[in-house]
Amino acid sequence: MMAYLIRRLLQVIPTLFGISLVSFFLMQLAPGGPIDQMADLNPHVTPEAKARIRHDMGLDRPVYLQYLHWLSQLARLDFGQSFSDHRPVTKKILERLPATLLLNFLAIGVMVFFAVPIGFFSALKAGSFFDKAMGIFVFLGFSMPGYALALGLMIVFGLKLGWLPVSGLSSIYFVPVPWFVRLWDVARHLILPTIVLGLTDLAGLSRYMRNSMLEVIHQDYIRAAEAKGLSWWRVYGVHAARNALIPLITLFGLMLPDVIGGGVIIETIFAYPGMGRLGYEAIMTRDYNLIMAITVISAGLTVAGNFLADVLYAYADPRIRYR
Amino acid sequence: MHVCTYTLMLRIYLDRFKKNHLAVIGFTIVACLAVLAVLSPWICPRDPVLQDLTARLQGPTASHWMGTDDLGRDVFSRLLLGTRISLSVGFVAVGISLIVGTVLGLWAGFFGGKWDTFLMRLVDVMLSIPTLFLILAVLAFLGPNIYNVMAIIGLTSWPGLARLVRGECLSIREREYILAAKMAGISTPRLLFVHVLPNVVAPILVSATLGVGGAILTESALSFLGLGVQPPTPSWGNILSIGRDYLHIAWWLSLFPALAILVTVLAFNLLGEGLRDVLDPRT
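First things first, this report covers the structure right here in the doc. These numbers were taken from a predicted model, which means no experiment stands behind them. (Residues numbered from 1 in each chain as written. Chains lettered and ligands numbered in written order. Predicted model: local features only at pLDDT ≥ 70, side-chain atom pairs only at ≥ 80, totals over all residues.)

### A closer look at the overall build of chain A
Line of reasoning, step 1. Each helix and strand in chain A was counted, giving 13 helices and zero strands.
Line of reasoning, step 2. With respect to the three principal axes, the spread of C-alpha positions in chain A is 85 × 55 × 40 Å.
Line of reasoning, step 3. Looking at the 323 residues of chain A, the share that counts as buried comes to 35%.
Line of reasoning, step 4. When contacts within chain A are restricted to residue pairs at least 6 apart in sequence, those whose partners lie at least 24 apart make up 74%. (Helix = DSSP H or I, 4+ residues; strand = E, 2+ residues; numbered from the N terminus. Buried ≥ 20, exposed ≤ 12 C-beta atoms within 10 Å, placed from the backbone. Contact = placed C-beta atoms within 7 Å.)

### Some thoughts on the overall build of chain B
Line of reasoning, step 1. In terms of helices and strands, chain B carries ten helices and zero strands.
Line of reasoning, step 2. Start at the N end of chain B and walk to the C end: the helices and strands fall as α-α-α-α-α-α-α-α-α-α.
Line of reasoning, step 3. Dimensions along the principal axes, computed over C-alpha positions, put chain B at roughly 75 × 45 × 30 Å.
Line of reasoning, step 4. The proportion of buried residues among the 283 residues of chain B is 47%.
Line of reasoning, step 5. Taking the contacts inside chain B whose residues are at least 6 apart along the sequence as the reference set, 71% of them involve residues at least 24 apart.

### Some words on the nonpolar core
Line of reasoning, step 1. Core analysis: the largest hydrophobic core is formed by 148 residues, its most contacted members being A293 and I294 of chain A together with I135, L136, A137 and L139 of chain B.
Line of reasoning, step 2. What I135 of chain B contacts, discounting residues up to four positions off in sequence, is I152, I153, T156 and L222 of chain B. (Core = buried A, V, L, I, M, F, W, Y, C linked by C-beta atoms within 7 Å.)

### Quick look at the interface of chain A and chain B
Line of reasoning, step 1. Between chain A and chain B, the residue contacts involve 33 residues of the former and 36 residues of the latter.
Line of reasoning, step 2. For the side of chain A that touches chain B, the secondary structure elements donating two or more residues are α1 (2-28), α6 (129-143), α7 (146-160), α11 (232-269), α12 (275-284) and α13 (288-316) of chain A.

### Examining helix α8 (residues 179-198) of chain A
All names here are of chain A.
Line of reasoning, step 1. The end-to-end C-alpha separation of α8 is 27 Å, in line with the 28 Å expected for 20 residues at 1.5 Å each.
Line of reasoning, step 2. Taking the largest bend as the criterion, α8 deviates by roughly 35 degrees, centred on I191, and proline P193 comes between one and four positions later.
Line of reasoning, step 3. Among all positions in α8, only H189, L190, L192, P193, T194, I195, V196, L197 and G198 are buried.
Line of reasoning, step 4. Here the buried face of α8 lies against α5 (89-124), α7, α9 (202-217) and α11. (Expected span 1.5 Å × (residues − 1). Bend = angle between axes of the 7 residues up to and from the residue.)

### Let's talk about the packing of α11 of chain A against α12 of chain A
Residues and elements named next belong to chain A.
Line of reasoning, step 1. Closest axis-to-axis distance for the α11/α12 pair is 7 Å, and the angle between their directions is 85 degrees. The pairing of α11 with α12 is recorded here as roughly perpendicular in orientation. Contact residues: G263, V264, E267 and T268 in α11; G276, R277, G279 and Y280 in α12.
Line of reasoning, step 2. In terms of residue class, the contact of α11 with α12 is made up of two nonpolar, four polar and two charged. (Axes fitted to C-alpha atoms, helices over the stretch in contact; angles between N-to-C directions. Parallel < 35°, antiparallel > 145°, perpendicular 65-115°, else oblique. Nonpolar A, V, L, I, M, F, W, Y, C, P; charged D, E, K, R; others polar.)

### Remarks on the packing of α9 of chain A against α11 of chain A
All names here are of chain A.
Line of reasoning, step 1. Close contact between α9 and α11 brings their axes to 8 Å; oriented N to C, the two are set at 145 degrees. In terms of crossing hand, the pair formed by α9 and α11 is right-handed. Residue-level inspection shows L205, Y208, M209, S212, M213, V216 and I217 of α9 in contact with α11, the latter providing A240, N243, A244, P247, L248, L251 and M255. (Left-handed = near helix turned anticlockwise from the far one by under 90°.)

Given below as structure tokens:
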């Protein structure tokens, strides 16, 4: 097990390097660079001033030196200052990161909570009306643009019925309220964004679970378990499901970037104070430091999630530990 | 392979395809959309960019079948022109990802060794970075126009295809007919393109068809956020983004583009799944 973990960890390092390279390259794409962006707004900036600022920011050094400097800053998690309000980028991200992690975590929970039973029962009742209906649902899920569904839910639940709030993370209070009122309020705000984000890849996951389950229930050991006289739940709910869930762990790693990235649109639509919306605003204001930092952190989160998924997979399926 | 074998195979595939009703529906819808896309500038009932501020935000009527938007433009005509934009972005983006992904995947899968390791690391990196965010950032830097959108969607969707092609290559290169061809002294390029590639085409075709749907979804998301196709050029995404501002008073601005996207992507997905059932019947 340890050998496998160490091997896996070693594979992570070049991936992280690659991510830092891509993010750095992203900044180089900007025509004219950040100086021209800032200077365009002020016609009085002289070329000498621009050259001086460029030298101060180290932008006149050769590219590889700039990259090494960026890498050293990355190691210290120092992403520089945001261009829009000159606050340290790390601080801005840390303010928003917990909200995004909460939303993503809940969304993945929703996804698994619905996809696994749907796949489970679709496989067991393969060919039935339920299976066909779920199949249609899956296809629609693949084809629907998530943000359109978000708008639809906003109209129905927010405007017409008025049941759920459609923006932010909590309401504004004019009087002090007890903690459980606050908690319930936050929960109400989380419902719509979580459902919409949870629908990302829900269809795919349930399909995968169905196929995995179908493969498992035709195996000999399931037939043996039934022949032994074990209860339906023990055979299918415990033995079959456990084996069917293992391949899903790897899929979990593939879903992560979709969830983290999908958060960008969902958070923007719902005005949710998370890292995704921060990223969108950073892109709109061409705030390079913030953009690069969010790219690296999102990618880092995905890599960490994948690593975790691989560890879980090695734990769940002993066959791959000894490869 | 002999020409007769190819026509026989095609006939078998066509028979299998026709039996799958959903796939036939998908194909029909895609064909209709393609025709609409090509003919759209000539069959629009009204001018899609003509503003008529006296007729803003009107619901569906006899003269404006799907109503008007906030500048009085006919939504139906804009939707028709949007078909052209969406389909062309979908096809070009997938074309780019096909070329890049297939070449890299074949190379890595067939020659293996350090090429394979390098490609797999590159694919890992590209798949770790949240795609939409990356695309938004690049478009913000390079300027949002339809050609950049096509290129960037293509250049961010090749990793999945490359991984697929590489996997297929790894299993094919051990087969006897490849070893036999190598022993017969066939040169490597010919080996790759005449003997390996035709056997990899099936999953590539399925992935490409499904990829068109994905590319259309991505393009509409980009236009919705304002970094895709720019107005006044109509795209389903940017009609939706106007619809978002008038959600409470003009439902037609949101419903019709959303339906258009849904039906189009659904059609490509049905077609892709149908192709998968035809070309790879073991699942």
